[in-house]
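Each chain is listed here by its residues.
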Amino acid sequence: MTPKPLKIAEIILLIVVVLGVGGWWLMKKPAQVAQPSPTPIVDVDTTGWKTYQNTKYGFEFRYPADLSIGEDNIEESGKIIGVSVDVESHYNVAFSVSVNPLKHGLCEGSNDVQANYVILSGISARYLHCAYDDGYYLDVYSFNRGGDAFEITFGEVGLPGSTILSTFKFIN
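All values derive from a computational prediction rather than experimental measurement. (Residues numbered from 1 in each chain as written. Predicted model: local features only at pLDDT ≥ 70, side-chain atom pairs only at ≥ 80, totals over all residues. Heavy atoms only, no water.)

To continue, consider the overall build of the chain. Of regular secondary structure, the chain possesses two helices and 11 strands. If you list the helices and strands of the chain from N to C, you get α-β-β-β-β-β-β-β-β-β-β-α-β. Buried positions account for 35% of the 172 residues belonging to the chain. Split by element, the accessible area of the chain, about 11,400 Å² in all, is 56% carbon and sulfur. (Helix = DSSP H or I, 4+ residues; strand = E, 2+ residues; numbered from the N terminus. Buried < 20%, exposed > 50% of the residue type's maximum accessible area, 1.4 Å probe, protein only. Areas by Shrake-Rupley, 256 points an atom, 1.4 Å probe, with all protein chains shown as cover.)

So, in structure tokens, the structure goes:
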């Protein structure tokens, strides 16, 4: 007895099944995740700089003595849930640390956003560089530590945000 030749419909069905199984197998493979790169340590002379320390959330950073600190509690429903710390120069914020911020989306209105992951004080942080049409830019670092969400922001307008960032560290 000779075998019956496969019909065209059976061949098409076989091809569809093979492609479907192959596609499913490729989709279930885990995606390759880029490993965060360490944030370079900047060797900066901070002689004469002041130190801001927050023992409740366990961090500190140094800042130029001619700048001032503004600190506000972040409240929700009358309960303090975090803190916002700004390093200011004549009402311009040079550097800001927010713990448990209520609002995100700081890159709204930017015409170019570059994203990456970096190591900041030993923790993987999401890094956004937001560029705007007027030449201004904002750098945003966000990460979690000890159940708290941190967000560090600064924009370079002649103020030392990246230099202050290089001194940021956890103290406990």
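Next comes the rest of the account.
Enumeration according to the criterion identifies 15 aromatic pairs in this entry. Aromatic rings pair up to connect Tyr 52, Phe 59, Phe 61, Tyr 63, Phe 95, Tyr 127, Tyr 141, Phe 143, Phe 150, Phe 154, Phe 168 and Phe 170 into one cluster. Between Arg 145 and the ring centre of Phe 170, over which it is positioned, the NZ or CZ distance is 3.9 Å. (Phe/Tyr/Trp six-rings, centres within 6.5 Å; stacked < 30°, edge-to-face > 60°. Lys NZ or Arg CZ within 6 Å of the ring centre and 35° of its normal.)

This part takes up the nonpolar core. Residues Phe 59, Phe 61, Phe 95, Phe 143 and Ile 152 are the most contacted members of the largest nonpolar core, which totals 28 residues. Within the residue set of this core, elements represented by two or more residues are strand S3 (59-63), strand S5 (79-89), strand S6 (92-99), strand S7 (112-120), strand S8 (123-131), strand S9 (137-145), strand S10 (148-154) and helix H2 (161-165). No other element matches the four residues that S6 contributes to this core. Contact partners of Phe 95, with chain neighbours within four places excluded, come to Phe 61, Val 85, Asp 86, Val 87, Ile 152, Thr 153, Phe 154, Gly 161, Ile 164 and Leu 165. Listed in part, the six residues of the second largest apolar core include Cys 130, Tyr 132, Leu 138 and Val 140. (Core = buried A, V, L, I, M, F, W, Y, C linked by side-chain atoms within 4.5 Å. Contact = heavy atoms within 4.5 Å.)

Moving on, we come to the environment of Phe 154. Mapped onto the secondary structure, Phe 154 falls in strand S10. Sequence separation between Phe 154 and His 129 is 25 residues; the distance between their C-alpha atoms is 9.9 Å.

Bringing the pairing of S6 into the picture now. The element S6 is largely enclosed, with a buried count of six among its eight residues. With seven bridges joining them, S5 and S6 adopt antiparallel strand pairing. Paired with Ser 89 across the two strands is Asn 92, which belongs to S6. Relative to S10, S6 runs antiparallel, the two sharing four bridges. (Pairing = 2+ DSSP bridges.)

Time to look at the pattern of salt bridges. Enumeration over the complete set of coordinates arrives at one salt bridge. Between Glu 60 and Lys 169 there is a salt bridge, and its shortest N-O distance comes to 3.6 Å. Of this pair, Glu 60 sits in strand S3 while Lys 169 is found in strand S11 (residues 169-170), placing the two residues 109 residues apart along the sequence. (Salt bridge = Lys/Arg side-chain N within 4 Å of Asp/Glu carboxyl O.)

Right, let's talk about the confidence of the model for the chain for a bit. Of the residues in the chain, 70% reach a pLDDT of 70 or more, and the chain-wide mean stands at 77. Summarising per-element confidence for the chain, the mean pLDDT is lowest in strand S1 (residues 37-38) (46) and highest in strand S2 (residues 50-54) (93). Scored below 50 in pLDDT, residues 29-40 shows 11 contacts in the model against residues more than four places distant or in partner chains. (pLDDT = per-residue confidence, 0-100.)

A separate point is unusual backbone geometry. Non-glycine residue Asn 100 carries a positive phi angle of around 60°. Tracing the backbone shows Asn 100 in the loop between S6 and S7. Asn 100 gets classed as buried once you look at its relative accessible area, which sits at 16%.

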